[in-house]
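# Commentary on secondary and tertiary structure
So the chains spell out like this:
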Amino acid sequence: MRRGYAGLAAGAAVLAVVAAGAGGYAAGGSDPVAVRVPGAESADAGFARDMAVHHQQAVEMSYLVRDRTGDEEVRRLAYDIAQTQANQRGMLLGWLDLWGLPKVSAEPPMTWMGMGDMPPGRDGALMPGMATDSELRELGSLKGRAAEVFYLRLMTEHHKGGVHMAEGCAARCAAGPERRLARGMVDAQRSEIRLMADMLKKRGASARS
């Protein structure tokens, strides 16, 4: 129920933003005459599709760990990540709707970054930084400190992959609002990587075992 509520809330917020800014919003400008809708295989569309998938996994991992630890520091971080990335995911999918573009592509993930020829993701890890299906099952089986450490390690790698993708959009995307969102992701996730390194240190662990 909690995940569904968060998704509905994020979707409603995005629809309100899209409706308010439809004129000129597609290309990030203020002149409706200058509006240019990105193509289906553009960096703008590719980033929106791929990062929406990437973010969804972060939300799932964060709710998993919140149910498996009573540590308020980890629970607070997980809640913040889940809420932030659910809202950003809603924005990305909202832009695809606004542009009239499909939410899936026949092209491999990361094609928009020139990485479409990378080896297929193993065990459900479709993009850089994503956890495998086996790792998600393991996270779901742990409790207490073990769950905290494993989550912080997984999320550190997840954020590193997200930063790489967001930097790609900041350099390649044409829509101003999307570039600004991507730059904000880079700053926020780098900050959280540093925070998670400190949290791991407190627990006698490092980013990778």
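Predicted model only: the values in this text are computed from it and were never measured. (Residues numbered from 1 in each chain as written. Predicted model: local features only at pLDDT ≥ 70, side-chain atom pairs only at ≥ 80, totals over all residues. Heavy atoms only, no water.)

### Describing unusual backbone geometry
The cut-off we apply is this: Each helix corresponds to a stretch of at least 4 residues labelled H or I by DSSP, and each strand to a stretch of at least 2 residues labelled E; elements are numbered beginning at the N terminus. Buried, partly exposed and exposed residues are distinguished by accessible area as a fraction of the type maximum, computed with a 1.4 Å probe on protein chains only: under 20%, between the cut-offs, and over 50%, respectively.
Positive phi values are uncommon outside glycine, yet M110 reaches one of about 75 degrees. In this structure, M110 sits in the loop between α4 (72-99) and α5 (133-141). Classification of M110 as buried rests on a relative accessible area of 0%. Unusually for a residue other than glycine, D123 sits at a positive phi of about 50 degrees. Along the chain, D123 turns up in the loop between α4 and α5.

### A look at the side chain of Q189
The condition is simple: For the purposes of these results, a polar contact is taken to be a pair of N or O atoms within 3.5 Å, where, inside protein, one atom must be able to donate a hydrogen and its partner to accept one; residues adjacent in sequence count only when each atom of the pair is a side-chain atom. Residue contacts are counted whenever heavy atoms from the two residues lie within 4.5 Å of one another.
By secondary structure assignment, the location of Q189 is in helix α7 (residues 176-202). At a separation of 3.5 Å, a polar atom in the side chain of Q189 contacts the side chain of H159. In contact with Q189, other than residues within four places in its own chain, are H55, Q85, H159, G162 and V163.

### Points about the pattern of salt bridges
Rules: One speaks of a salt bridge when a side-chain nitrogen belonging to Lys or Arg is within 4 Å of a carboxyl oxygen belonging to Asp or Glu.
For the structure shown, the criterion picks out 9 salt bridges. Salt-bridge contacts for R203 lead to D71; the nearest nitrogen and oxygen are separated by 3.0 Å. Residue R203 is located in the segment after α7, and its partner D71 is located in the loop between α3 (43-66) and α4; the two are separated by 132 residues in the primary sequence. R203 serves as the salt-bridge partner of E148, at 2.8 Å between the closest nitrogen and oxygen. One end of the pair, E148, is in helix α6 (residues 144-172); the other, R203, is in the segment after α7, and 55 residues separate them in sequence. Its relative accessible area of 7% is what places E148 among the buried residues. With relative accessibility at 11%, the residue R203 sits in the buried group. One salt-bridge network, in which partners are shared between bridges, spans D71, E73, E148, K202 and R203.

### Examining the confidence of the model for the protein
As a reminder, the rule being used: The pLDDT score gives, residue by residue, the confidence of the prediction method on a 0 to 100 scale.
Model confidence for the protein is summarised by a mean pLDDT of 87, while 83% of its residues fall at 70 or above. Here residues 1-25 is modelled with pLDDT under 50, and outside its nearest four sequence neighbours on either side it reaches 23 contacts, counting other chains as well. In this model residues 27-34 is a low-confidence stretch, pLDDT under 50, and it forms 10 contacts with partners more than four residues away in sequence or in other chains.

### Notes on the state of the cysteines
Using the following cut-off: Any two cysteine sulfur atoms within 2.5 Å of one another count as a disulfide.
Tallied over the full model, the rule gives 1 disulfide. Between C169 and C173 runs a disulfide, and the two sulfur atoms are separated by 2.3 Å. Between C169 and C173 the sulfur-sulfur dihedral comes to about -125 degrees; the bridge is accordingly left-handed. Comparing C169 with C173, the two get one shared label, buried.

### What about the packing of aromatic side chains?
Put simply, the test is: Note on aromatic contacts: the rings of Phe and Tyr and the six-membered ring of Trp form a pair at centre separations within 6.5 Å, being stacked when their planes are under 30 degrees apart, edge-to-face when over 60 apart, and tilted otherwise.
Counted by the stated rule, this structure contains 2 aromatic pairs. Consider the rings of F47 and W112, whose centres lie 5.6 Å apart with planes at 75 degrees: the pair is edge-to-face. Placement of F47 in helix α3 and of W112 in the loop between α4 and α5 is noted, with a sequence separation of 65 residues between them. Take W112: its relative accessible area is 11%, and that puts it in the buried class.

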